[in-house]
Amino acid sequence: KRMIALDADYLIFICTEGKNTKSFGFTKKTSTGHKFAKKAYKEPLKPYKDRIKALIKEVENEIAVNMVGEVAGIKAIFSDPNGNFRYKLKADYKAGRPPRSALWYRLHKWCMKKYGYTKGIEADDEVAYLVSKKNWIGASMDKDLWRGIEGDWFNVYHSKRYMTTLSPYDARNFNLIQTITGDRDDNIDGISGVGETTAIKLLDKYGWNWEGVVQAYINADRPDPADKKKRLSWGLTVDDAILARRLVCMRQWTPKKGVRLWHPPKEK
């Protein structure tokens, strides 16, 4: 029997979506700089707590059916609410995300107390470790995990629930692609204006390895606003590529050693 590692941050959003979004006029800043209504939200939390528990059990049951057998159990994993090591690398990491409702913060606080969290990392980091190193079954709606970490995955996105197995080869290639594209949702730059299709072409040109990524950065360019046919160099460097890699990489944490930042492979 195998354990399930559930990337559980999304559960709070599902349960509070569209709830308690009205501003009360009195605000309080959170550790991430967002503001939320200071006035207490009077609606009982119990129905939302019960739904969180039910959704976790639902994932466990669906995986057992899809894997055709019993599972040993499920661990709901949440991100550190006080931030993680990526904010030290890039102060505006995940900047621009909308403020949460007061209900979201109340339910989030309960989840932290009920299920706990690992200090200094995101749920992604712990889930990635358990799936790739401990052979757990992963469950997430985040493509960065089930396209970037090898192992057995269950996509929990409500309209696309399915099991999939990712090979180390495909995981490695996605990591190279994502280092070039960055991640707009998390405010990770990459090479501006380059999507996955172009990233694949760049890696085909320069090589599907770290040196290929570096060459893509060094030779990156953009259109001239005054003349779309002309190109202007971005002047990106190896350091830009390393920063992007460290921000997207989910292989930098272990329980024993904590966070150890990714470093480029040594030249042979």
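Going by the structure above, here's the rest.
Thresholds, definitions, all that
- Residues numbered from 1 in each chain as written.
- Predicted model: local features only at pLDDT ≥ 70, side-chain atom pairs only at ≥ 80, totals over all residues.
- Heavy atoms only, no water.
- Helix = DSSP H or I, 4+ residues; strand = E, 2+ residues; numbered from the N terminus.
- Buried < 20%, exposed > 50% of the residue type's maximum accessible area, 1.4 Å probe, protein only.
- Lys, Arg positive; Asp, Glu negative; His and termini not counted.
- Salt bridge = Lys/Arg side-chain N within 4 Å of Asp/Glu carboxyl O.
- Polar contact = N/O pair within 3.5 Å; in protein donor to acceptor, adjacent residues only side chain to side chain.
- Arc of directions from axis to C-beta.
- Contact = heavy atoms within 4.5 Å.
- Phe/Tyr/Trp six-rings, centres within 6.5 Å; stacked < 30°, edge-to-face > 60°.
- Lys NZ or Arg CZ within 6 Å of the ring centre and 35° of its normal.
- Pairing = 2+ DSSP bridges.
- Axes fitted to C-alpha atoms, helices over the stretch in contact; angles between N-to-C directions.
- Parallel < 35°, antiparallel > 145°, perpendicular 65-115°, else oblique.
- Left-handed = near helix turned anticlockwise from the far one by under 90°.

## Some details on the side chain of Arg-100
Item 1. Assignment of secondary structure puts Arg-100 in the loop between α3 (86–89) and α4 (102–115).
Item 2. For the buried Arg-100, which has no salt bridge, the nearest side chain bearing the opposite charge is Asp-186, at an N-O separation of 8.7 Å.
Item 3. There is a polar contact of 3.4 Å between the side chain of Arg-100 and the backbone oxygen of Pro-98.

## Looking at the pattern of salt bridges
Item 1. Throughout the structure, instances matching the rule amount to 15 salt bridges.
Item 2. We note a salt bridge from Lys-94 to Glu-122, for which the minimum N-O separation is 2.6 Å. With Lys-94 in the loop between α3 and α4 and Glu-122 in the loop between α4 and α5 (123–134), this pair connects stretches of sequence that are 28 residues apart.
Item 3. Exposure remark for Glu-122: the relative accessible area of 6% places this residue in the buried category.
Item 4. Each of Arg-86, Lys-94, Glu-122 and Asp-125 takes part in one network of salt bridges that share partners.

## Things to note about helix α8 (residues 196–206)
Item 1. Within the span of α8, buried status applies to Ala-199, Leu-202 and Leu-203. What you see down the axis of α8 is that its buried residues fit within an arc of 95°, all on one side. Of the exposed residues in α8, the ones pointing more than 90 degrees away from its buried face are Thr-197, Lys-201, Asp-204 and Lys-205.
Item 2. If you follow the buried residues of α8, they end up packed against α7 (168–181) and α9 (210–218).
Item 3. Gly-207 sits one or two positions beyond α8 and adopts a positive phi of about 120°.

## Observations concerning the packing of aromatic side chains
Item 1. Applying the stated criterion to the full structure yields 8 aromatic pairs.
Item 2. Aromatic side chains Trp-146 and Tyr-162 sit 6.5 Å apart centroid to centroid with 70° between the ring planes, which places their arrangement in the edge-to-face category. Here Trp-146 is found in helix α6 (residues 143–146), whereas its partner Tyr-162 is found in strand β7 (residues 162–166), with 16 residues between them in sequence.
Item 3. The buried category is assigned to Trp-146, whose relative accessible area is 17%.
Item 4. By the ring-pair criterion, three or more aromatic residues cluster together here, those being Phe-13, Trp-104 and Tyr-105.
Item 5. Lying over the aromatic face of Trp-104, Arg-100 brings its terminal NZ or CZ to 5.6 Å of the ring centre.

## Describing the sheet that holds strand β5 (residues 137–140)
Item 1. Across the sheet, which stays open at both edges, the 5 strands sit in the order β4-β1-β5-β6-β7 with mixed pairing between neighbours. Of all strands in the sheet, those with a lone pairing partner are β4 (73–77) and β7, marking the two edges. Here the strands of the sheet are splayed against their neighbours by 25° on average, with no regard to which way each runs.
Item 2. Bridge analysis of strand β1 (residues 3–7) against β5 gives 3 bridges, and the strand direction is parallel. Paired with Ala-5 across the strands is Gly-138, a residue of β5.

## Observations concerning the pairing of β7
Item 1. Taken together, the 5 bridges between strand β6 (residues 151–155) and β7 define a ladder with antiparallel strand orientation. Within β7, the residue paired with Phe-154 across the bridge is Met-163.
Item 2. Count of turn residues in the β6/β7 antiparallel hairpin: 6 residues.

## Some points on the packing of α9 against helix α10 (residues 238–248)
Item 1. Following both chains from N to C, one finds α9 and α10 inclined at 120°, their axes separated by 8 Å at the closest point. By the angle between their axes, α9 is oblique relative to α10. Where α9 crosses over α10, the handedness of that crossing is right-handed. Residue-level inspection shows Trp-210, Val-213, Val-214, Tyr-217 and Ile-218 of α9 in contact with α10, the latter providing Val-238, Asp-240, Ala-241, Ile-242, Ala-244 and Arg-245.

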